[in-house]
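Survey of secondary and tertiary structure
Here's the letter readout for the chains.
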Amino acid sequence: KNQVEQSPQSLIILEGKNCTLQCNYTVSPFSNLRWYKQDTGRGPVSLTIMTFSENTKSNGRYTATLDADTKQSSLHITASQLSDSASYICVVSGWGAAGNKLTFGGGTRVLVKP
Amino acid sequence: DTAVSQTPKYLVTQMGNDKSIKCEQNLGHDTMYWYKQDSKKFLKIMFSYNNKELIINETVPNRFSPKSPDKAHLNLHINSLELGDSAVYFCASSQDRQSYEQYFGPGTRLTVT
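The present account deals with the structure reproduced in this document. (Residues numbered from 1 in each chain as written. Chains lettered and ligands numbered in written order. Predicted model: local features only at pLDDT ≥ 70, side-chain atom pairs only at ≥ 80, totals over all residues. Heavy atoms only, no water.)

All right, on to the layout of surface pockets then. When its volume is computed, the largest pocket comes out at roughly 660 Å³. Of all the elements in the fold, those that place two or more residues in the lining of the largest pocket are strand E1 (4-7) and strand E10 (99-104) of chain A together with strand E5 (43-50) of chain B. By residue class, the composition of the lining of the largest pocket is 10 nonpolar, four polar and nine charged. Taken as a whole, the second largest pocket holds about 520 Å³ of empty space. (1 Å grid on protein atoms, 1.4 Å probe; cavity = no way out; pocket = protein on both sides within 12 Å on 5 of 7 lines; lining within 4 Å. Points joined across faces, edges and corners; volume = space filled by probe spheres on them. Helix = DSSP H or I, 4+ residues; strand = E, 2+ residues; numbered from the N terminus. Nonpolar A, V, L, I, M, F, W, Y, C, P; charged D, E, K, R; others polar.)

Here it is as structure tokens:
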């Protein structure tokens, strides 16, 4: 069964500090892994997308890593800002006859405090 | 300009009613999706259309019927609403069925009382 598990479920950090979110998956066959940011009351917005051959990808202060062997990914937020308060969702895509089929993690809720 | 828009943003209705949620994308994409986000925040795909053709139909009750009048629109009609249908429904689109990038709408919060 395809699953994506994220940890921690929630996280409180002080503004300016760094944090790392974890994602473990069992999706097969693997196509790509994405990290989305979802602000309260809004739809998810893509931060990074990594395929099998990519180990790391950055988007500003967000850096994602991927270990396809251990089926783990992390999202590192550097020098957090208040606007980083959101849910961060790990999404793994597997190939199917209909194209990319996404399996979503439950998200990590990040709260940045001043 | 809003890339993927949904209406209404909020919908409160009683059990047994029939309701529709509309989605439009102005990105020129071929593929559109409907997702359901439950109270635990898990997003699950319900349907996907590619150029008005249904390509993904997950295990969703027959009460849910998507309709795509053209490739820029994907509407979701729900018959005989139940309490368990309460959730946030997200529409999304991608360039084509193989594209990695999906763009999500703002969501429609459906509350069934």
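Further notes follow.
Time to look at the side chain of Ser48 of chain B. Residues and elements named next belong to chain B. Relative to the assigned elements, Ser48 resides in strand E5. Of the polar contacts made by the side chain of Ser48, one reaches the backbone oxygen of Met32; its length is 3.4 Å. Among residues more than four places away in sequence, those in contact with Ser48 are Thr31, Met32, Tyr33, Glu53, Leu54, Ile55 and Ile56. (Polar contact = N/O pair within 3.5 Å; in protein donor to acceptor, adjacent residues only side chain to side chain. Contact = heavy atoms within 4.5 Å.)

As a further point, take the sheet that holds strand E3 (residues 19-25) of chain A. Residue and element names in this part refer to chain A. Pairing in this open sheet of five strands is antiparallel, and the strands run E1-E3-E8-E7-E6 from one edge to the other. The sheet terminates laterally at E1 and strand E6 (56-59), the two strands that pair on one side only. Along the sheet, successive strands turn relative to each other by an average axial angle of 15°, direction set aside. Sheet topology note: the E6/strand E7 (residues 62-67) ladder contains four bridges and is antiparallel. Its bridge partner lying in E7, Asn59 is registered against Tyr62. (Pairing = 2+ DSSP bridges. Axes fitted to C-alpha atoms, helices over the stretch in contact; angles between N-to-C directions.)

Moving on to a positive patch on the surface. Together, Arg42 and Arg109 of chain A together with Lys9, Lys41 and Arg109 of chain B make up a region of like positive charge exposed at the surface. Its location among the elements puts Arg109 of chain A in strand E11 (residues 108-113). (Patch = residues over 30% accessible without salt bridge, like charges linked within 9 Å, V, L, I, M, F, W, Y side chains within 5 Å. Areas by Shrake-Rupley, 256 points an atom, 1.4 Å probe, with all protein chains shown as cover. Salt bridge = Lys/Arg side-chain N within 4 Å of Asp/Glu carboxyl O. Lys, Arg positive; Asp, Glu negative; His and termini not counted. Charge placed at Lys NZ, Arg CZ, Asp CG, Glu CD.)

In this assembly, 20 residues from chain B lie in contact with 24 residues from chain A. Of all residues in chain B, Leu43, Tyr100 and Phe104 of chain B give up the largest surface area on contact with chain A, accounting jointly for 33% of the area buried on that side. At the boundary of chain B and chain A, one finds zero salt bridges. Applying the counting rule to chain B against chain A returns three residue pairs in polar contact (both at pLDDT 80 or more). Within the residue set of the side of chain B that touches chain A, elements represented by two or more residues are strand E4 (31-37) and strand E6 (53-57) of chain B. Residue composition of the side of chain B that touches chain A, grouped by class: nine nonpolar, five polar and six charged. (Buried area = accessible area lost by both parts, 1.4 Å probe.)

Moving on to the state of the cysteines. All names here are of chain A. Tallied over the full model, the rule gives two disulfides over all chains. Linked covalently through their sulfurs, Cys23 and Cys90 form a disulfide whose S-S length is 2.0 Å. Looking along the S-S bond of the Cys23-Cys90 disulfide, the torsion reads about -70°, which is the left-handed sense. Linking Cys23 in strand E3 with Cys90 in strand E9 (residues 86-96), this pair joins segments that are 67 residues apart in sequence. (Disulfide = S-S within 2.5 Å.)

Scanning the entire structure with this criterion turns up nine aromatic pairs over all chains. Each ring, one from Tyr25 of chain A and one from Phe30 of chain A, has its centre 5.2 Å from the other, and the planes form 25°; the classification is stacked. Ring centres of Phe90 of chain B and Phe104 of chain B lie 6.5 Å apart, and the angle between their planes is 80°; on these two criteria the pair is classed as edge-to-face. Placement of the pair is Phe90 of chain B in strand E9 (residues 87-94) and Phe104 of chain B in strand E10 (residues 103-104), with a sequence separation of 14 residues. (Phe/Tyr/Trp six-rings, centres within 6.5 Å; stacked < 30°, edge-to-face > 60°.)

Remember that the coordinates give geometry; whether it matters functionally is a separate question.
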